[in-house]
Amino acid sequence: MARVALVTGGTRGIGAAISKGLKEAGFNVAANYAGNDEAANAFKAETGIPVFKFDVADPAGAEEGIKAVEAALGPIDVLVNNAGITRDKMFHRMTWEQWSQVIRTNLDSMFTMTRPLIEGMQSRGFGRIVIISSINGQKGQAGQANYSAAKAGVVGFAKALAQENAAKGITVNVIAPGYIATEMVKAVPEDVLKSKILPQIPVGRLGEAEEIARAVAFLASDEAGFITGSTLSINGGQYMA
Ligand code: NDP
C-alpha cells in the first residue's frame, strides 16, 4: 500500500512541486490550499492529485481538513508543512495584523497540522514530518522580522518534536530554501535579479522548486529513517548555517 502524504500549500509554487515529486516517488498525495480555487482546480486537473481547501492557521479548520483527507485517502504517514505567507514591512512600521498573520500561518500551523496527526503516527510506528523554513529564518532579513521569527521558530519546534518521537519511527526535519524561481521571485525585475540577487548566490542562479521537492521526497522515504532533527539548507551556497 502506498504511503499517504499531505502537503500544505501543495497546489502552487514550491508546494505544487513537492506534491508532484511525492506522487512520482509513489506516495498517495493530498494537496491543501487556502482559497485560490482556480489554481487548485488547474493543479488537480493537471496532476490528478486531490485538493483540500482549509486554512492551516485555523485549528478547527485544520482538524476538519485532516479528517477529510484521512477519510478520502487513509491515515497520513507523511506531513509536509509547506504553506507560508509573507507580510513584509520594516519592524518599526509593522502592524500587529502583519505580525500575527505571518506567525499564525507560518508557525501556529505547526501545531494545528501536526498535533492532530502525531498520535496516529506514534501508534502506527511510522511518520515523516518535513517543514519548509527559509534562509531568512537562518540569517534574518530586514523587512521580515515576522517571517524570520516564524521561520526560525519552526527549527526549534522540529528539534523538540524529533527528540520526543525519535524512538517511535517518526522523523522531523526542516528544509531551508534560498531564492527559488517561483512566480513571486520571477516577478522581480531582471536588472534587480542580475545586479542584486544573483551576486549573493555562489552557484550563480536561482534554485528550482523541483530541487526542494527532490529533497522532500528523500526525507519522506523509508530510507531516511536515521535523519531527524536536521535542517537542510538548499540555497546555492548563499548562507552556510
Ligand atoms: P506560494 O505563495 O507560491 O504558494 C503558497 C501556497 O500555500 C498556496 O498553495 C496557498 O494556497 C497556500 N497557503 C497560503 N496560506 C495558507 C493557509 N493559511 N492555509 C492553507 N494554505 C495556505 O508559496 P511558495 O511556493 O513561494 O512558498 C512555499 C513555502 O516555501 C513557504 O513556506 C515559503 O515561506 C517557503 N519559502 C519560499 C521561498 C521562495 O523563494 N519562494 C524561499 C524560502 C522559503 P492558495 O493557492 O489558496 O493561496
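Now for a description of the structure that goes with this document. (Residues numbered from 1 in each chain as written. Predicted model: local features only at pLDDT ≥ 70, side-chain atom pairs only at ≥ 80, totals over all residues. Heavy atoms only, no water.)

**Regarding the environment of Glu183**
Then step 1. Among the secondary structure elements, Glu183 is positioned in helix 7 (residues 183–186).
Then step 2. Note: C-alpha distance between Glu183 and Val172 (11 residues apart in sequence) is 28 Å. (Helix = DSSP H or I, 4+ residues; strand = E, 2+ residues; numbered from the N terminus.)

**Comments concerning the site of the ligand**
Then step 1. Near the ligand lie 29 residues; those nearest to it are Arg12, Ile14, Gly35, Asn82 and Tyr147.
Then step 2. One of the backbone N or O atoms of Asn36 is found 2.8 Å from an oxygen atom in the ligand.
Then step 3. If you list the elements that add at least two residues to the shell around the ligand, you get helix 1 (13–24), strand 2 (28–33), helix 6 (145–165) and helix 7.
Then step 4. Grouping the amino acids of the shell around the ligand by side-chain chemistry returns 13 nonpolar, 13 polar and 3 charged. (Near = heavy atom within 4 Å. Polar contact = N/O pair within 3.5 Å; in protein donor to acceptor, adjacent residues only side chain to side chain. Nonpolar A, V, L, I, M, F, W, Y, C, P; charged D, E, K, R; others polar.)

**Side note on the layout of surface pockets**
Then step 1. Approximately 170 Å³ is the volume found for the second largest pocket.
Then step 2. In terms of lining residues, the second largest pocket is bounded by Ala17, Lys20, Gly21, Glu24, Ala25, Glu210, Ala213, Arg214 and Ala217.
Then step 3. Only helix 1 and helix 9 (209–220) provide two or more residues apiece to the lining of the second largest pocket.
Then step 4. Here the lining of the second largest pocket is composed, by residue class, of 4 nonpolar, 1 polar and 4 charged. (1 Å grid on protein atoms, 1.4 Å probe; cavity = no way out; pocket = protein on both sides within 12 Å on 5 of 7 lines; lining within 4 Å. Points joined across faces, edges and corners; volume = space filled by probe spheres on them.)

**Structural notes on the pattern of salt bridges**
Then step 1. On inspection of all chains with the given rule, the structure shows 9 salt bridges.
Then step 2. Between Lys20 and Glu46 there is a salt bridge whose closest N-O contact spans 3.1 Å. Of the two residues, Lys20 is situated in helix 1 and Glu46 in helix 2 (residues 37–47); the sequence distance between them amounts to 26 residues.
Then step 3. The exposed category is assigned to Glu46, whose relative accessible area is 57%.
Then step 4. Between Lys194 and Glu190 there is a salt bridge, and its shortest N-O distance comes to 3.1 Å. Taken as a pair, Lys194 and Glu190 lie in helix 8 (residues 190–197) at a separation of 4 residues, close to a single helical turn.
Then step 5. Taking the relative accessible area as the measure of exposure, Lys194 reaches 53% and is therefore exposed. (Salt bridge = Lys/Arg side-chain N within 4 Å of Asp/Glu carboxyl O. Buried < 20%, exposed > 50% of the residue type's maximum accessible area, 1.4 Å probe, protein only.)

**A closer look at helix 4 (residues 96–124)**
Then step 1. Here helix 4 spans 41 Å end to end across 29 residues, near enough to the 42 Å set by a 1.5 Å rise per residue.
Then step 2. Most pronounced at Asp108, the bend in helix 4 amounts to some 50°.
Then step 3. Gly125, located one to two residues past helix 4, shows a positive phi value of around 70°. (Expected span 1.5 Å × (residues − 1). Bend = angle between axes of the 7 residues up to and from the residue.)

**Concerning the packing of helix 3 (residues 59–73) against helix 4**
Then step 1. Between helix 3 and helix 4, whose axes approach to 9 Å, the crossing angle comes to 45°. Considered as vectors, helix 3 and helix 4 are oriented oblique to each other. The way helix 3 lies across helix 4 gives a crossing that is right-handed. Taken together, the residues of helix 4 that come into contact with helix 3 (itself represented by Pro59, Ala62, Glu63, Ile66 and Glu70) are Thr112, Met113, Pro116 and Leu117.
Then step 2. Grouping the amino acids of the contact of helix 3 with helix 4 by side-chain chemistry returns 6 nonpolar, 1 polar and 2 charged. (Axes fitted to C-alpha atoms, helices over the stretch in contact; angles between N-to-C directions. Parallel < 35°, antiparallel > 145°, perpendicular 65-115°, else oblique. Left-handed = near helix turned anticlockwise from the far one by under 90°. Contact = heavy atoms within 4.5 Å.)

**Examining the nonpolar core**
Then step 1. Of all hydrophobic cores here, the largest spans 29 residues; its most connected members are Ile18, Leu22, Val80, Ile175, Ile212 and Val216.
Then step 2. Of all elements in the fold, only strand 1 (4–7), helix 1, strand 2, helix 2, strand 4 (78–81), strand 5 (127–132) and helix 9 reach the threshold of two or more residues within this core.
Then step 3. The residues contacting Val80, other than those within four sequence positions of it, are Leu6, Val7, Thr8, Ile18, Leu22, Val130, Ile132 and Val216. (Core = buried A, V, L, I, M, F, W, Y, C linked by side-chain atoms within 4.5 Å.)

**Regarding the packing of helix 1 against helix 9**
Then step 1. Two numbers describe how helix 1 lies on helix 9: the axes approach to 8 Å, and their chain directions differ by 50°. When the axes of helix 1 and helix 9 are compared, the pair comes out oblique. The way helix 1 lies across helix 9 gives a crossing that is right-handed. Residue-level contacts link Gly13, Ile14, Ala17, Ile18 and Leu22 of helix 1 to Ala209, Glu210, Ile212, Ala213, Val216, Ala217 and Ala220 of helix 9.
Then step 2. Across the contact of helix 1 with helix 9, the residue classes tally to 10 nonpolar, 1 polar and 1 charged.

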